[in-house]
Each structure stands twice: as C-alpha cells, then as structure tokens.
Amino acid sequence: MALIKCPECQLQVSDKAITCPHCGYPLDTKVIKQQQRKTNKRKRLPNGFGTISELKNQNLRKPFRALVCVGKNFYGKPIYKSLKPETYFKTYNDAYAALLEYHKNPYDLDSDLTVEQLYEKWTDKYFESLSSPSSERTIKSAWNYCSAVYDMRAKDLRARHIKGCMEDGTYVVDGKEKHASPTTKTKIKSLFNLMLDYALEYELVDKNYARTFNLSDDVIKDVKEAKKDHIDFTDEEIKKLWDHLYDTDYVDVILIQCYSGWRPQELGLIELKM
C-alpha cells in the first residue's frame, strides 16, 4: 500500500481507497459503478410468479415484457406465456403490478376468455374514458340484452350471434320481458364494435365480426320513425310557466329543463349538498 494525493483536496490517501476520506472524491470509479449496479439489482421474483425482462437496444416506448409461468416442461423447466391482454409496459413496476393483479384472479391465457369476461375487462378501461355517466348507463343497458352470449368464448363469437342479441335478446324489467327497441339495437351493435376492437388489439380474437355487417335498412327505418321531433315552447307558453312558478307543481322542473337541456333522469340524479 502506498500514499497518493487526492486530485481534489491534495491531501494524502491510500492508493487502495475507493473515495477520498477527506472530501469524498471518487478515486476508483469502476468499483463505485459495480457497487451501484449491485445496489440497483432487482430482487428475484418468486418461483411460479412469472418473469419481467427489459428489451434493450430497441427504441421501444414500453420496453418491459411480462410473462406468466403456466407450468413446467418434461425437463422441469418453466413454461412462460405472454401476459394478456397487455404484455409490454413502460416501467418495471408497471409490469410487476400487472403480474400481481393477474395472480389475484388468474385467467386462461390461451385467449379463451368468455364474452362476459371480455366485457368486464373492456369496460374497466373504457368507462374511465367516458365523461358522462349516461354514456356508461347506455352501454350497461345494451349489455343486458346479450345474456345469450355471456358464456361463449370470445374467439367463437360470430356476426350471427351478435345479430341474435339484437333481434332476439330479452331483458326482464319489473317482471316483464322486454325486447330491444330499434335504438337499443344500434347500441348493441356499437357495443360489440368497440369491445371487439379492444379484443382484436390485445390479440384475444382473430377478427372483429361486429364490423363485418351493417345495420339493416329495417332497423335504420325503425330508428328514424321512433325519433320524436322536439316541439319548442312559444314565448307565450314560457311566460305562462314563469307566471305559475310558485303555485303549480313541477313547473320549476320544466323551466330548469328548458334552460339547461338536462333530461329528467339526469336532473333527478343530481346530488344536493349543504
């Protein structure tokens, strides 16, 4: 061992020192980098949990790939499959969180999700993008008429099944069986359009069969006939409403709708806070 001068503070230090004990100047950057790499090394994932790998030397927006262990081969080595519906993530922590969520409620990774499971996964993501609660209620209402396909595998769904939901789907309300109205039929078609777009993006189905057909002329005609034209209040009628604001029930509700455009259901769902 010999004494050398620190390049920073000029005081004597051992030539074996990694950093200067006087000023902290790094003397052996190679050792420091090795120590940093050891410190930053991630802990090994539990056996059977899965694996997360970083795809380097590629300009990827989501470089971390999550794989799930689905068993072992003849030689006892683990068999991995890509996590679905999302395999690639921006950060290691995002990939770990997705694996953790999968293990809370494991599902078949062979694209054998049922239509109902697909609906739950799609709506979890899609409903977050909606700005209006009424849009969410519209989707849920249309979905109620699709019970015939709930237990089907999503990859077995075909155009005839979707048309069957539109034409023959029923929903029991207050003990009475309802069939889909012309407007609801268009909502069912739209629901499957969007849901199967999601399934196709994540390789859960091979084709979006909802987009292989258009609404029939009869449905379009029925929708147009079912629409009711709005009839505006005249100035005289509006004045009469204001004149009877305090002596006639529900006049205030009608006036609120005239000036706000809210539907009765939307108005009724507004929370009052003191």
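Structure: see above.
Residues numbered from 1 in each chain as written. Predicted model: local features only at pLDDT ≥ 70, side-chain atom pairs only at ≥ 80, totals over all residues. Heavy atoms only, no water.

**Description of a nonpolar patch on the surface**
- A cluster of nonpolar side chains, contributed by Ile256, Trp262 and Ile270, occupies part of the molecular surface with about 270 Å² of accessible area.
- Considering the arrangement of structural elements, one finds isoleucine 270 in the segment after helix H10 (264-268).
- According to the relative accessible area criterion, isoleucine 270 is partly exposed, its value standing at 40%. (Patch = residues over 30% accessible without salt bridge, like charges linked within 9 Å, V, L, I, M, F, W, Y side chains within 5 Å. Areas by Shrake-Rupley, 256 points an atom, 1.4 Å probe, with all protein chains shown as cover. Salt bridge = Lys/Arg side-chain N within 4 Å of Asp/Glu carboxyl O. Helix = DSSP H or I, 4+ residues; strand = E, 2+ residues; numbered from the N terminus. Buried < 20%, exposed > 50% of the residue type's maximum accessible area, 1.4 Å probe, protein only.)

**Brief notes about the pattern of salt bridges**
- Using the criterion set out here, one finds seven salt bridges in the structure.
- With a closest N to O distance of 2.7 Å, arginine 211 and aspartate 197 form a salt bridge. Of the two residues, arginine 211 is situated in the loop between helix H6 (182-201) and helix H7 (217-226) and aspartate 197 in helix H6; the sequence distance between them amounts to 14 residues.
- The partly exposed category is assigned to arginine 211, whose relative accessible area is 47%.
- Since its relative accessible area comes to 30%, aspartate 197 is described here as partly exposed.

**Quick notes on unusual backbone geometry**
- A positive phi angle is found at aspartate 174, which is not glycine, with a value near 55 degrees.
- Mapped onto the fold, aspartate 174 is located in the loop between strand S7 (170-173) and strand S8 (176-179).

**Regarding the pairing of strand S5 (residues 78-82)**
- Two elements, strand S4 (residues 64-72) and S5, share five bridges in a ladder whose sense is antiparallel. Within S5, the position partnered with leucine 67 by the bridge is serine 82.
- The turn linking S4 back onto S5 is made up of five residues, and glycine 76 within it adopts a positive phi angle of 85 degrees. (Pairing = 2+ DSSP bridges.)

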